[in-house]
Amino acid sequence: MTLRAVVRGVGHYLPARVMPNAEFEATLDTTDDWIRARTGIERRHIAAEGETTSDLAVAAAEAALTDAGLRATDIDALIVATSTADFTFPSAATMVQARLGMTGGFAFDVQAVCAGFVFALAQANALIVSGAARRVMVIGSETFSRLMDWTDRSTCVLFGDGAGALILEAGEGSGTPADRGVLAFDLHSDGRFKDILHVDGGVSTGTTGHLRMQGKEVFRHAVEKLAETAHAALDKAGLSGADVDWIVPHQANLRIISATAQRMQVPMERVVVTVQDHGNTSAASIPLALSVGRDRGQIRPGDLIVTEAIGGGLAWGAVVLRW
Ligand code: ACO
């Protein structure tokens, strides 16, 4: 018998305000056409004034609990992947824990920027297969709109706000790739690339700061590293691109998504794409896409899924799981 971390429920939340590309035309030297052609993004959701990352996370968590038919007190561990926690501390996760009424267990944040959900999913898997926790909720929640320099057309058109949540629970498997649950993961980081994607604020400056990016450089690393890590995770699971039912990629740019799928020899019909509606929601993008993909009827029980992401650090990785 092999312990597996099996998906029990999924949910998401998007702030009410939708901002179409055309809105940028009033304040920036950009066009809807440019943004669509270079990124695939058509619109994004923007958190209301006073609406925080933990607010979004609580709404996504409640949707996932309803989907799973569970109460917050049934969860042993809660992980929030975020780079935009409401405060320096406490963690977003402990704030969400309190608001959900989860009085036991433990909660903590994972910070690996756009790769945060993949790192958090690997942590949740480790907690479950080691027997440390039976049910783990993994949330990706972000308000990147708060990190934008709204005068910088090369970054502010790319990002949006949102949250997604996944509940995993211990299940018995046979130890083969036919098992449901997390089958393998592959994680990397390389701090030498800090300057190509970072926020120029924090405790050291006394400001929140703004996201700064060398877009072309990030693009180059993304295309190269995402296919590599996805292949490595599939290898560890004893599988290949031909076995994949759905790539659920980090949603940053349609050109990165399609170049990665091409390198993996997976056709775009087998890729869940939400970037047109959400923009880049950093650590929230994969759980959002899992939830939307499930709601659309794309992702079904037994499907083999590869998630892959890269972000600031640089940090990148992939998780292979059977839904
Ligand atoms: N509207 C119009 N023109 C623009 C805009 C805009 N919003 N933004 C940049 N430009 C201009 C640039 O100033 C440049 O003008 P110049 O030639 O006069 O200097 C021109 O467009 C071309 O710029 P490039 O940077 O060469 O454009 P590129 O095709 O590389 O696309 C983009 C830029 C979309 C940012 C791309 O590099 C990219 O997607 N990079 C990946 C970055 C990313 O997704 N980061 C997210 C975080 S990490 C992650 O999640 C993977």
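Everything numeric here is computed off the predicted structure, so don't read it as measured data. (Residues numbered from 1 in each chain as written. Predicted model: local features only at pLDDT ≥ 70, side-chain atom pairs only at ≥ 80, totals over all residues. Heavy atoms only, no water.)

**Q** Mind laying out the nonpolar core, listing which residues take part and the relevant values?
**A** Judged by nonpolar contacts, the single largest core of 46 residues is most densely connected at Leu234, Met264 and Val320. At the level of secondary structure, the elements contributing two or more residues to this core comprise strand E8 (181-189), helix H6 (215-237), helix H7 (254-263), strand E12 (304-311) and strand E13 (315-322). In terms of domain composition, this core takes at least three residues from each of domain 1 (2-173) and domain 2 (181-322). When near neighbours in sequence (up to four residues on either side) are disregarded, Val320 contacts Gly181, Val182, Leu183, Ala184, Ala233, Leu234, Ala237, Leu239, Leu304, Ile305 and Val306. Among the nonpolar cores identified, the runner-up in size contains 38 residues, and Ala5, Val7, Leu168 and Val182 belong to it. (Core = buried A, V, L, I, M, F, W, Y, C linked by side-chain atoms within 4.5 Å. Buried < 20%, exposed > 50% of the residue type's maximum accessible area, 1.4 Å probe, protein only. Helix = DSSP H or I, 4+ residues; strand = E, 2+ residues; numbered from the N terminus. Domains from an automatic or database assignment. Contact = heavy atoms within 4.5 Å.)

**Q** Could you give an account of the domain arrangement of the chain, naming the residues involved and the relevant values?
**A** If you check the domain split of the chain, you get domain 1 (2-173) and domain 2 (181-322). One C-alpha centre belongs to domain 1, the other to domain 2, and the line joining them spans 14 Å. Contact with domain 1, which involves 52 residues of that partner, is made by 49 residues of domain 2. Taken as a group, Cys114, Val118 and Leu147 account for 16% of the area that domain 1 buries against domain 2, more than any other trio of residues on that side. For Arg43, the salt bridge identified is with Asp277, shortest N-O distance 2.5 Å. Elements with a minimum of two residues in the side of domain 1 that touches domain 2: strand E1 (2-13), helix H1 (32-39), strand E3 (43-46), helix H4 (116-129), strand E6 (135-143), helix H5 (153-156) and strand E7 (161-173). In terms of residue count, E1 provides more of the side of domain 1 that touches domain 2 than any other element does, eight residues in total. A breakdown of the residues in the side of domain 1 that touches domain 2 according to their chemical character gives 26 nonpolar, 16 polar and 10 charged. (Buried area = accessible area lost by both parts, 1.4 Å probe. Salt bridge = Lys/Arg side-chain N within 4 Å of Asp/Glu carboxyl O. Nonpolar A, V, L, I, M, F, W, Y, C, P; charged D, E, K, R; others polar.)

**Q** Would you mind going over the packing of aromatic side chains in detail, with residue names and values included?
**A** Tallying each qualifying case throughout the model produces three aromatic pairs. Aromatic side chains Phe24 and Trp150 sit 6.2 Å apart centroid to centroid with 15° between the ring planes, which places their arrangement in the stacked category. With Phe24 in the loop between strand E2 (17-20) and H1 and Trp150 in the loop between E6 and H5, this pair connects stretches of sequence that are 126 residues apart. Overall, the relative accessible area of 2% leaves Phe24 in the buried class. Ring centres 6.3 Å apart and planes at 10° place the aromatic pair Phe106 and Phe108 in the stacked group. Given the relative accessible area of 33%, Phe106 is considered partly exposed. One cation-aromatic arrangement involves Lys225 over Trp316; the distance from NZ or CZ to the ring centre is 5.2 Å. (Phe/Tyr/Trp six-rings, centres within 6.5 Å; stacked < 30°, edge-to-face > 60°. Lys NZ or Arg CZ within 6 Å of the ring centre and 35° of its normal.)

**Q** Tell me about the packing of H6 against H7, and name the residues and values.
**A** H7 packs onto H6 with a crossing angle of 40° between their chain directions and a minimal axis gap of 9 Å. In terms of axis orientation, H6 runs oblique to H7. In the packing of H6 onto H7, the handedness of the crossing is right-handed. For the pair H6 and H7, contact is made by Phe219, Ala222, Val223, Glu224, Leu226, Ala227 and His231 and by Arg255, Ile256, Ala259, Thr260 and Arg263, respectively. Considered class by class, the residues forming the contact of H6 with H7 number seven nonpolar, two polar and three charged. (Axes fitted to C-alpha atoms, helices over the stretch in contact; angles between N-to-C directions. Parallel < 35°, antiparallel > 145°, perpendicular 65-115°, else oblique. Left-handed = near helix turned anticlockwise from the far one by under 90°.)

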